[in-house]
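Coordinates in review
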Amino acid sequence: MKDYSYCNIVGKTDVGCKRSGNEDWLDSFECRNGLVAVVCDGMGGHVGGEVASHLAVETIRKFLETNYFDNPRQAIIEACDAANEAIIDRTAEKPELTGMGATCVMLIVRDGKVYYGSVGDSRIYLVRSKRITQLTVDQSYVQMLVDMGEITKEQAEHHPRKNEITNALGLDSMKPATVAEVPIDPEAGDCFILCSDGLSGMVPDNAILKIAADQQRMSQRDRVDALINLAKKNGGLDNITCQIVEFAVTPSQVGAAEQKKKKNGIYAAIIAAAVIVIAAVVVLLLRKPDTDKNSPDNALMTQMSKPNTNIRNFGDTIRYVENKPFLTLTENHTYNSLEIEVYSDGKLVDTLVDRHPVKLGDVKFFPKSNVTAQVTGDKMNVALKSGADNGTNLTLTFSAGDSTFIYVFPVKLIKSSSKQPNTVTPLAPPAGKKGPSEPFIVDNTSQPDTPATDDGNDEQPLEVSINVSTTENSTEITLSSKKGTNTATQLFTDYAIGLISERTNWYSINCRDRRTCKIIVNNKKVPVRNAVISIPLDNAGGKSYRIHVKPLSTI
């Protein structure tokens, strides 16, 4: 499988505020044809629309996983044709579904280029350099009027017939998917948005731009949630689906730095010299005033003097208790990233995500003599030893590709208090591995490793653990809003369940009413660590029900 670490996909679908069911569906996956993202919006009534969108997405995935095309444009056209035939065949088998169909937008990343196509009025936008461009053209009645010059694009957004489309999957007369003649060369920071008209019809382009371009303050997941929430705030008249395909770096430049260094040694030497000068300045900044006792040692100096060095300073001072972990590093295999949870005064204050596939064993700390780092599986708890100097910096470094990354954390020792925050014991380490000797301090009263119990009086917990067997393909879990005793696949909560549908590469959730939620787990794709499914609750003060999923082979 090719490396697509230069981009990431996050998507979500929501029932909205007015509909009783969700007729949208989405998926993203890797196959021989590339990295694929797809969104479909069903039509033909509640049952027919839901069947059509799910069938279309599933057919497209299966078709692209089993058929290879030299030209990704042809792959998009043929996959849409296959989905069209699948819907027509299903209608023939079940006449009660007559009239069902679906729109479709699809994007394929291959060889560093983006190919895209559409059927119907679902859209793909590109957000680049604080500008938004609608890449697809709606196949609809009002778009036809716009093309003829009879109405403006602004008038089309409020036209009484704006929901009438002129092409869809499921029609005998379906026109082939409209596919861009020339693929796009993505740039670092590019954000492609695939969405149903439940988003584009409720949120104006400039508002989509404002949220999607806010990459400094909001994560990719946060921006997807914000777009869906804004559509709901504006009325949520239809189901809402949003999928963001974002490029962390320019694909064409991956590996280019190494080639430049080989071709131009003089240029590389100049860069290295400049970095050494910058590193010397940073060393002076990191030194504790009036003493050289805390100067970085030679190993840190060597790290800083490497070409392509990225130095990132954490803005706030971390207040820590000696020998108590205040950093947790996690290898996230799902997104090939390193997650750094930062705790101050025993409370989580920030989570940093570095989009590089980093191994915990490759992370180095300075000053090394002051640090204790305890590894359990894909997690590492980091603390400062007794006697470590107060008011210094903790620095961690690692390399990814031809770049070196340095994180600098200002730290300050605080005295241990008799009133400590509640503690949660870390997950038990796998056999043969030594686990942390101290519990990790968090501001949380849940015990994720303790299944919920019901004694008839106590409130049922909002965090549980579920074991799944990797010898089975999938596990179906049901969450019900009523009293009951949890089992391996049946869970209960005291609160109403939020209306939401979501699909990732290892699970899908479908909460069609406020009483019951179905969760399907792909057992073979569950991350070894940090596999958590979060389901929103409606009357719990913004809390979510969290299910910690553990593959049986790792327990």
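Cut-off values and rules
- Residues numbered from 1 in each chain as written.
- Predicted model: local features only at pLDDT ≥ 70, side-chain atom pairs only at ≥ 80, totals over all residues.
- Heavy atoms only, no water.
- Helix = DSSP H or I, 4+ residues; strand = E, 2+ residues; numbered from the N terminus.
- Buried < 20%, exposed > 50% of the residue type's maximum accessible area, 1.4 Å probe, protein only.
- Contact = heavy atoms within 4.5 Å.
- Areas by Shrake-Rupley, 256 points an atom, 1.4 Å probe, with all protein chains shown as cover.
- Core = buried A, V, L, I, M, F, W, Y, C linked by side-chain atoms within 4.5 Å.
- Phe/Tyr/Trp six-rings, centres within 6.5 Å; stacked < 30°, edge-to-face > 60°.
- Lys NZ or Arg CZ within 6 Å of the ring centre and 35° of its normal.
- Axes fitted to C-alpha atoms, helices over the stretch in contact; angles between N-to-C directions.
- Parallel < 35°, antiparallel > 145°, perpendicular 65-115°, else oblique.
- Left-handed = near helix turned anticlockwise from the far one by under 90°.
- Nonpolar A, V, L, I, M, F, W, Y, C, P; charged D, E, K, R; others polar.
- Pairing = 2+ DSSP bridges.
- 1 Å grid on protein atoms, 1.4 Å probe; cavity = no way out; pocket = protein on both sides within 12 Å on 5 of 7 lines; lining within 4 Å.
- Points joined across faces, edges and corners; volume = space filled by probe spheres on them.
- Salt bridge = Lys/Arg side-chain N within 4 Å of Asp/Glu carboxyl O.

The chain appears in an unreviewed UniProt entry as PPM-type phosphatase domain-containing protein from Bacteroides uniformis.

Attention shifts here to the overall build of the chain. Tallying secondary structure elements over the chain gives 10 helices and 30 strands in all. Taking all 555 residues of the chain together, 49% fall into the buried category. Considering only residue pairs separated by 6 or more positions, the chain has 64% of its internal contacts joining residues 24 or more positions apart. Split by element, the accessible area of the chain, about 26,600 Å² in all, is 50% carbon and sulfur.

As a further point, take the nonpolar core. By size, the foremost hydrophobic cluster in this structure holds 35 residues, and its most contacted members are Ile60, Leu64, Ile87, Cys104, Met106 and Leu169. Of all the secondary structure elements, the ones that give two or more residues to this core are β2 (24-31), β3 (34-43), α1 (45-66), α2 (72-93), β4 (101-110) and β5 (113-119). In terms of residue count, α2 provides more of this core than any other element does, 9 residues in total. When sequence neighbours within four positions are dropped, the list of residues in contact with Leu64 reads Phe29, Cys31, Asn33, Val36, Ala75, Ala79 and Met106.

All told, the structure shown has 7 aromatic pairs when counted by the stated rule. Considering the side-chain rings of Tyr6 and Phe247, the 6.1 Å spacing of their centres and the 15° angle between planes classify their relative orientation as stacked. A residue pair is termed long-range when its members are at least 10 positions apart, and Tyr6 in the segment before β1 (7-14) and Phe247 in strand β10 (residues 240-247) qualify at 241 residues. A relative accessible area of 1% means that Phe247 is categorised as buried. Arranged with centres 5.6 Å apart and planes meeting at 35°, the rings of Tyr320 and Phe326 form a pair that is tilted. There is no split in this pair, since Tyr320 and Phe326 are both buried. Linked through ring pairs, Tyr4, Tyr6, Phe192 and Phe247 together constitute an aromatic cluster. Looking at Arg161, its charged tip hangs above the ring of Tyr141, at a distance of 3.8 Å from the centre.

Further remarks concern unusual backbone geometry. Here the phi dihedral of Asp111 falls at roughly 50°; this positive angle occurs in a residue that is not glycine. Residue position: Asp111 is located in the loop between β4 and β5. Since its relative accessible area comes to 55%, Asp111 is described here as exposed. A positive phi angle, close to 50°, is found at Ser129, a residue other than glycine. Mapped onto the elements, Ser129 comes out in the loop between β6 (123-128) and β7 (131-134).

At a minimum axis separation of 9 Å, helix α6 (residues 205-212) and helix α7 (residues 220-233) run at an interaxial angle of 155°. One way to sum up the angle between α6 and α7 is to call them roughly antiparallel. With respect to the hand of their crossing, α6 and α7 are arranged in right-handed fashion. Counting all contacts with α6, which are made through Ala207, Ile208, Ile211 and Ala212, the residues of α7 involved are Arg223, Ala226, Leu227 and Leu230. Across the contact of α6 with α7, the residue classes break down as 7 nonpolar, no polar and 1 charged.

With that settled, consider the pairing of strand β29 (residues 532-536). Here β29 shows a buried face lined by Ile533 and Ile535 and an unburied face lined by Val532, Ser534 and Pro536. Two strands pair when backbone bridges link them, and β29 and strand β30 (residues 544-551) are joined in this way by 5 bridges, in the antiparallel orientation. Residue pairing in the sheet places Pro536 in a bridge with Ser544 of β30.

For the rest of this paragraph, the subject is the layout of surface pockets. Approximately 660 Å³ is the volume attributed to the second largest pocket. As for the second largest pocket, its lining consists of 29 residues, of which Asp121, Lys162, Asn163, Asp197 and Gly201 are closest to the centre. Looking at side-chain class alone, the lining of the second largest pocket contains 8 nonpolar, 10 polar and 11 charged residues.

The next thing to look at is the pattern of salt bridges. Counting across every chain of the model gives 21 salt bridges. Between Asp138 and Arg123 there is a salt bridge; the shortest N-O distance is 2.7 Å. Placement of the pair is Asp138 in the loop between β7 and α3 (141-147) and Arg123 in strand β6, with a sequence separation of 15 residues. Grouping residues by exposure puts Asp138 and Arg123 together as buried. Taken together, the salt bridges that share partners define one network made up of Arg19, Glu23 and Asp238.

Once that is clear, we can look at the sheet that holds strand β8 (residues 178-179). If you trace the 5 strands from one edge of the open sheet to the other, you get β2-β3-β4-β5-β8, paired in antiparallel fashion. Both edges of this open sheet fall to β2 and β8, since each of them pairs with a single strand only. Here β4 runs beside β5; their pairing, made up of 7 bridges, is antiparallel. Bridge pairing in β5 links Ile108 to Tyr115. Against the sheet, α2 makes contact with β4, β5 and β8, and its axis sits at roughly 155° relative to β4, the strand it touches most.

The next point concerns the environment of Val137. Relative to the assigned elements, Val137 resides in the loop between β7 and α3. Among the residues examined, Val137 registers a relative accessible area of 51% and is labelled exposed. Each C-alpha atom of the pair Val137 and Ser122 lies 8.9 Å from the other, and the pair is 15 residues apart in sequence.

Quick look at the sheet that holds strand β18 (residues 379-384) now. Taken together, the 5 strands give an open sheet; going across it, the order is β15-β14-β13-β18-β17, and neighbouring strands pair in antiparallel fashion. Sheet topology places β15 (347-354) and β17 (371-376) at the edges, where each strand pairs with a single neighbour. The mean angle between the axes of side-by-side strands here comes to 20°, regardless of whether they run parallel or antiparallel.

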